[in-house]
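What the coordinates show
Listed below are the residues making up each chain.
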Amino acid sequence: MAILSKDEAQAILKKVLIFSTADECQANLNGRTVGNIRYARNNVSTAGLSDNISMVVESRFGKRSGVATCNQFDDATLRRCVQRAEEIARLAPEDPEYMPLLGPQQYLTPVSYAASTAAIKPDYRAQVAADSIGLAVGKQLTAAGYLEDGAYFQAMRNSKGLEAYQQSTGLDFSVTVRTPDGTGSGYAVADFTDVSKFNAKALTQIAVDKAAGSRNAKALEPGKYTVILEPAALVSDEGLLNNLIYSFGAREADEGRSFLSKKGGGNRKGEKLFDSRISIYSDPLNAQAPSSVFDGEGLPVKRMNWVEKGVVKNLYYSRYWAQKNGVEPTAFSGNFIMEGGTQSVQDLIKSTEKGILVTRLWYIRDVDPQTLLFTGLTRDGTFYIENGKIKHPVKNFRFNESPVIMLNNIEAIGRPQRLGGNLVPPLKIRDFTFTSLSDAV
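Residues numbered from 1 in each chain as written. Predicted model: local features only at pLDDT ≥ 70, side-chain atom pairs only at ≥ 80, totals over all residues. Heavy atoms only, no water.

1. What to know about the overall build of the protein
For clarity, the threshold we go by: Comment: elements are numbered from the N terminus, with helices defined as DSSP H or I runs of at least four residues and strands as E runs of at least two. The quantity called the radius of gyration is restricted to C-alpha atoms. Its globule counterpart is 2.2 Å times the number of residues to the power 0.38. Each residue's exposure class comes from its accessible area (1.4 Å probe, protein chains only) as a fraction of the maximum for that residue type: buried when under 20%, exposed when over 50%, partly exposed otherwise. Residue contacts are counted whenever heavy atoms from the two residues lie within 4.5 Å of one another.
In terms of regular secondary structure, the protein is built from ten helices and 19 strands. Against the 2.2 N^0.38 benchmark of 22 Å for 441 residues, the protein shows a C-alpha radius of gyration of 24 Å, consistent with a compact globule. Across its three principal axes, the protein shows a C-alpha extent of roughly 70 × 60 × 35 Å. When burial is assessed residue by residue, the protein has 51% of its 441 residues classed as buried. Restricting the contact set of the protein to residue pairs at least 6 apart, pairs at least 24 apart contribute 71%.

2. Concerning the pairing of strand β19 (residues 427-438)
Which entries qualify depends on this criterion: One requirement defines pairing of two strands: DSSP has to find at least two bridges between them.
Relative to β19, strand β7 (residues 223-229) runs antiparallel, the two sharing six bridges. Among the inter-strand pairings, Ile-228 is bridged to a residue of β19, identified as Lys-428. Here strand β15 (residues 396-401) runs beside β19; their pairing, made up of four bridges, is antiparallel. Among the inter-strand pairings, Asn-396 is bridged to a residue of β19, identified as Ser-438. The pairing of strand β16 (residues 410-413) with β19 spans three bridges and is classified as antiparallel. Each bridged residue has a counterpart across the sheet, and for Ile-410 the counterpart in β19 is Ile-429.

3. Some details on the UniProt feature "domain: Metalloprotease TldD/E C-terminal" (unreviewed entry) in the protein
Our working definition: UniProt positions are given in the numbering used here, feature names are shortened, and annotations may be inferred rather than shown by experiment.
Per the UniProt record, the feature "domain: Metalloprotease TldD/E C-terminal" (unreviewed entry) sits at residues 222-435. This span, residues 222-435, is 14% helix and 36% strand, and a straight line between its end C-alpha atoms measures 5 Å.

4. Digging into the side chain of Asn-286
As a reminder, the rule being used: In protein, a polar contact requires one atom able to donate a hydrogen and another able to accept it; more generally it is a pair of N or O atoms within 3.5 Å, and residues adjacent in sequence count only if both atoms are side-chain atoms.
Looking at the secondary structure, you find Asn-286 in the loop between β8 (280-282) and β9 (304-308). From its side chain, Asn-286 meets the backbone nitrogen of Gln-288 in a polar contact 2.9 Å long. At 2.9 Å, the side chain of Asn-286 forms a polar contact with the backbone nitrogen of Ala-289. With residues up to four places along the chain from it excluded, the contact list for Asn-286 reads Tyr-281, Ile-337 and Leu-423.

5. Some points on the packing of aromatic side chains
Under the convention used in this document: Aromatic pairs are defined between Phe, Tyr and Trp rings, using the six-membered ring for Trp, whenever the two ring centres lie within 6.5 Å; interplanar angles under 30 degrees are classed as stacked, those over 60 as edge-to-face, and all others as tilted. For a lysine, the NZ atom is tested; for an arginine, the CZ atom; a charge sits over a ring if that atom is within 6 Å of the ring centre and within 35 degrees of the ring normal.
Applying the stated rule across the entire model yields 14 aromatic pairs. Consider the rings of Phe-173 and Phe-198, whose centres lie 5.3 Å apart with planes at 55°: the pair is tilted. Remark: Phe-198 occurs in the loop between β6 (185-192) and α5 (200-213) and Phe-173 occurs in strand β5 (residues 163-178); sequence separation between them is 25 residues. Look at Phe-198 and you get buried, because its relative accessible area is 9%. Residues Phe-248 and Trp-306 carry aromatic rings whose centres are separated by 6.3 Å and whose planes lie at 80° to one another, so their mutual orientation is edge-to-face. Placement of the pair is Phe-248 in the loop between α6 (240-246) and α7 (250-254) and Trp-306 in strand β9, with a sequence separation of 58 residues. The class for Trp-306 is buried, based on a relative accessible area of 5%. Taken together, Tyr-225, Phe-397, Phe-399, Phe-432 and Phe-434 form an aromatic cluster joined through their ring pairs. One residue, Arg-303, lies across the ring of Tyr-281, its end atom 3.8 Å from the ring centre. The lysine or arginine in question, Arg-360, covers the ring of Tyr-187, its NZ or CZ lying 3.8 Å from the ring centre.

6. Focus: the environment of Phe-374
As for its placement among the helices and strands, Phe-374 is situated in strand β13 (residues 373-386). Overall, the relative accessible area of 2% leaves Phe-374 in the buried class. Residues Phe-374 and Phe-399 lie 25 residues apart in sequence; the distance between their C-alpha atoms is 7.9 Å. The residues contacting Phe-374, other than those within four sequence positions of it, are Leu-240, Asn-243, Ile-364, Arg-365, Asp-366, Val-367, Phe-399, Asn-400, Glu-401 and Pro-403.

7. Thoughts on the sheet that holds strand β3 (residues 64-70)
Pairing between the strands of a sheet is mediated by backbone hydrogen bonds and can be parallel or antiparallel. Applicable threshold: In this analysis an axis means a line fitted to C-alpha atoms, helices contributing only their contacting stretch, and an angle means the value between N-to-C directions, from 0 to 180 degrees.
Taken in spatial order, the six strands make up an open sheet running β3-β2-β1-β4-β5-β6, and their pairing is antiparallel. Edge positions in the open sheet fall to β3 and β6, since each of these has one partner strand only. This sheet shows a mean twist of 15° between the axes of neighbouring strands, independent of strand direction. Pairing of strand β2 (residues 43-61) with β3, which is carried by seven bridges, proceeds in the antiparallel orientation. If you follow Phe-61 over to β3, its bridge partner there is Arg-64. Sitting on the sheet, helix α1 (residues 6-19) is in contact with β1 (24-40), β2, β4 (142-158) and β5, with an inclination near 55° to β4. Packing of helix α4 (residues 122-138) onto the sheet brings it into contact with β1, β2, β4 and β5, and relative to β1 it is tilted by some 40°.

8. Describing the side chain of Asn-396
Examined against the element boundaries, Asn-396 turns out to sit in strand β15. A polar contact is formed between the side chain of Asn-396 and the side chain of Thr-378, at a distance of 2.7 Å. Those residues in contact with Asn-396, other than ones at most four positions away along the chain, are Thr-378, Arg-379, Thr-382, Ser-436, Leu-437, Ser-438, Ala-440 and Val-441.

9. Some details on the nonpolar core
This is how it is decided: What makes a nonpolar core is a set of buried Ala, Val, Leu, Ile, Met, Phe, Trp, Tyr and Cys residues whose side-chain atoms join them at distances within 4.5 Å.
By size, the foremost hydrophobic cluster in this structure holds 52 residues, and its most contacted members are Leu-241, Leu-244, Phe-248, Phe-274 and Leu-407. Setting aside its immediate chain neighbours within four residues, Leu-241 contacts Leu-234, Val-235, Phe-336, Met-338, Met-406, Leu-407 and Val-424.

10. Digging into the domain arrangement of the protein
Where we set the bar: An automatic or database domain assignment provides the domain bounds reported here. Two parts lose some accessible area (1.4 Å probe) when they are put together, and adding that loss for both gives the buried area. Each reported salt bridge corresponds to a side-chain nitrogen of Lys or Arg within 4 Å of a carboxyl oxygen of Asp or Glu. Classes in brief: Ala, Val, Leu, Ile, Met, Phe, Trp, Tyr, Cys and Pro nonpolar; Asp, Glu, Lys and Arg charged; the others, Gly included, polar.
Examined at the domain level, the protein breaks down into domain 1 (6-210) and domain 2 (217-271 + 283-295 + 334-441). Spacing between the C-alpha centres of domain 1 and domain 2 amounts to 27 Å. In this assembly, 26 residues from domain 1 lie in contact with 24 residues from domain 2. Contact between domain 1 and domain 2 buries roughly 2,000 Å² in total, counting both sides, with carbon and sulfur atoms accounting for 56%. At the boundary of domain 1 with domain 2, the tally comes to four salt bridges. Taking the shortest distance from any N to any O, the salt bridge between Glu-230 and Lys-210 comes out at 2.8 Å. In this structure, the connection of domain 1 to domain 2 is made through 13 residue pairs in polar contact (both at pLDDT 80 or more). Within the residue set of the side of domain 1 that touches domain 2, elements represented by two or more residues are β4, β5 and β6. Here the element with the most residues in the side of domain 1 that touches domain 2 is β6; it accounts for seven residues. A per-class count over the side of domain 1 that touches domain 2 returns eleven nonpolar, ten polar and five charged.

What follows is the structure in structure tokens.
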């Protein structure tokens with residue numbers, strides 16, 4: 001039951017609205033069927049499958065709102081869920097930034113579902129783990145990895161006539177390979193909408209090669225270096241580029257709380273803040289990295305340019321902040337796409353006289369939100385480049401760097417790859433700041 005059709009989902013949501021006595025009511029229904037397999041020390045440790053559907057009901061009386069949730073959908077449960085949301089709304093304080101619910105909207109036709117991914121079975125996951133482990137064992141290395149695949153739906157309906165529905169699929173895979181003595185480590189990660197584009201052996205081979213090649217790393221003095229940052233060093237839950245895009249909020253800029261704040265008030269929309277080769281946009285219909293065609297409030301998500309040839313073109317405006325400033329609101333997009341070139345990571349290495357190849361960054365933390373300065377560590381394969389070739393592995397570094405400065409120090413941009421639902425190219429950057437060494441691998 002976890003994946004409901006549009007008609008099945010909307011039939012449940014219609015009942016919610018029938019039971020509502022509030023001034024306004026909105027219900028969101030989300031479901032998923034997710035399978036996974038996990039392995040460590042060259043052995044499968046866990047595998048599983050989960051189904052879940054949950055509903056969130058928001059009821060409003062004037063500027064007061066209340067929220068209740070449920071995961072059963074018989075009439076009695078739905079009625080009680082609505083009543084609970086209304087009870088909470090009557091007790092809640094008024095929202096000074098209240099915005100009425102949206103009316104009917106027009107949405108793009110989503111391209112985020114692949115039947116092949118939804119049809120994955122446990123034996124497929126087991127074979128992925130076996131193939132990955134086999135490559136590590138063949139080189140006397142140790143692999144730890146995780147594969148998760150799923151089919152999802154989201155549906156929304158409100159008392160103003162808004163109706164939305166979308167299905168999607170996704171597959172996420174990551175693998176870390178270590179040497180027996182623990183001195184070498186390699187990593188690979190990827191995600192896809194369509195499982196037919198996934199190759200576990202190829203990804204594991206990357207991690208195997210990095211692990212084998214990173215034994216007995218040598219120490220380099222901290223300082224400013226030319227670096228090649230692979231996509232995994234740019235994008236993660238706390239990645240440098242993720243943090244950059246999440247900082248494009250108009251309100252934060254207008255209130256003087258971000259790197260996009262203008263001295264004296266206002267924001268820096270329209271200013272050239274990055275290298276002319278930097279262009280970043282969102283597009284829910286991108287074939288390689290599709291995303292949701294509506295956001296959590298039901299606003300339509302469309303293609304949006306954030307940075308074009310180094311110039312800040314748009315900022316994210318919530319509905320409240322947009323109304324306050326007399327502009328159109330911006331739906332919160334589910335992806336970002338950074339334009340790139342045709343060069344592979346190997347091509348970038350060949351063009352580098354001296355530099356450092358960084359596989360991955362982690363433990364990234366804020367230092368100064370006003371300048372987007374972050375600190376963090378390299379890990380899972382860091383290598384010294386000389387005369388266009390990898391010369392030897394190096395010990396990991398702590399870095400202090402801002403993506404704003406980083407995207408002004410571009411030497412070359414590679415071919416974009418999907419990661420974290422986004423498209424991001426590897427980047428060759430000069431004067432990247434390493435501040436100290438780390439003994440971790």
